[in-house]
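# Structural overview for review
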Amino acid sequence: MKYIITESRLENIIFKFLDSKLEGVELVKGKFSDVVFISPKMAPNGDKELGILGWEKTDKGGKLYVFLLLGRAVEDMFSLQSEESLKTIARYIENRYNLNITSATWNCGFEFAALKVDGI
């Protein structure tokens, strides 16, 4: 049986999925980002000194850094392309945490600086 789901309804479902993935998330000062989102469920590479999201204030608003595995979880669950997944996560963070996001990028590999917690 096939179902037709409106775009806004799909976004609501994805937001609920992200609510469950980010349950217990803690916002802390980042070493290189203004805010780092620490998640007990999804620490990058098991490293408790890294967050899964980073937000940096810019002249135009803010830049969001998203740990690639969070994006893959959304892509796999909802069959989204990489860029659509990134945009949806950015809208979610903007909506849930009242942060202005003017750009978003994946954060993966050896480029974890934006997700590093301050003081560690």
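Counting starts from 1 at the beginning of each chain's written sequence and moves along it residue by residue. Given that this is a predicted model, residues contribute local features only at a pLDDT of at least 70 and side-chain atom pairs are listed and counted only at 80 or more, while totals for whole chains, interfaces and linings are drawn from all residues. Excluded from the side-chain calculations are hydrogens and water; all other atoms, namely the structure's heavy atoms, are used.

Any carboxyl oxygen of Asp or Glu that lies within 4 Å of a side-chain nitrogen of Lys or Arg is treated as forming a salt bridge with it. Scanning all chains against the criterion turns up four salt bridges. Linking Arg96 and Asp19 is a salt bridge whose minimum nitrogen-to-oxygen distance equals 3.1 Å. Taken as a pair, Arg96 in helix H3 (residues 82-97) and Asp19 in helix H1 (residues 7-21) lie far apart in primary sequence, 77 residues in all. Relative accessible area serves as the criterion here: at 36%, Arg96 is assigned to the partly exposed category. As a salt-bridge pair, Arg91 and Glu84 come within 3.5 Å of each other at their nearest N and O atoms. Note on classification: 1.4 Å probe, protein chains only; a residue is buried when its accessible area is under 20% of the maximum for its type, exposed when over 50%, partly exposed between these limits. With a relative accessible area of 32%, Arg91 lands in the partly exposed category. Among the residues examined, Glu84 registers a relative accessible area of 32% and is labelled partly exposed. Where salt bridges share partners, they join Glu11, Glu84 and Arg91 into one cluster. Think of it this way: any DSSP run of H or I at least four residues long counts as a helix, any run of E at least two long counts as a strand, and we number them from the N terminus.

Let's shift gears to the sheet that holds strand S3 (residues 53-58). Strand pairing follows a simple DSSP-based rule, namely that at least 2 bridges must link the two strands. Spatially, five strands are ordered S1-S2-S3-S4-S5 in an open sheet, and the strand pairing comes out mixed. Lying at the two open borders of the sheet, with one neighbouring strand each, are strand S1 (26-28) and strand S5 (103-107). On average, each strand axis in the sheet is tilted by 20° relative to the strand beside it, whichever way the strands run. Examined bridge by bridge, S3 and strand S4 (residues 61-67) share six bridges and lie antiparallel to one another. Looking at the pairing, Trp55 lines up with Leu64 of S4. Helix-sheet contacts for helix H2 (residues 68-78) involve S3, S4 and S5, and the interaxial angle to S4 is about 75°. Running over the sheet, H3 touches S1, strand S2 (35-38), S3, S4 and S5 and is turned about 115° from S5. Helix axes use the C-alpha atoms of the stretch in contact, all axes being lines fitted to C-alpha atoms, and the angles between their N-to-C directions lie in the range 0 to 180 degrees. It only takes one pair of heavy atoms within 4.5 Å for two residues to be counted as in contact.

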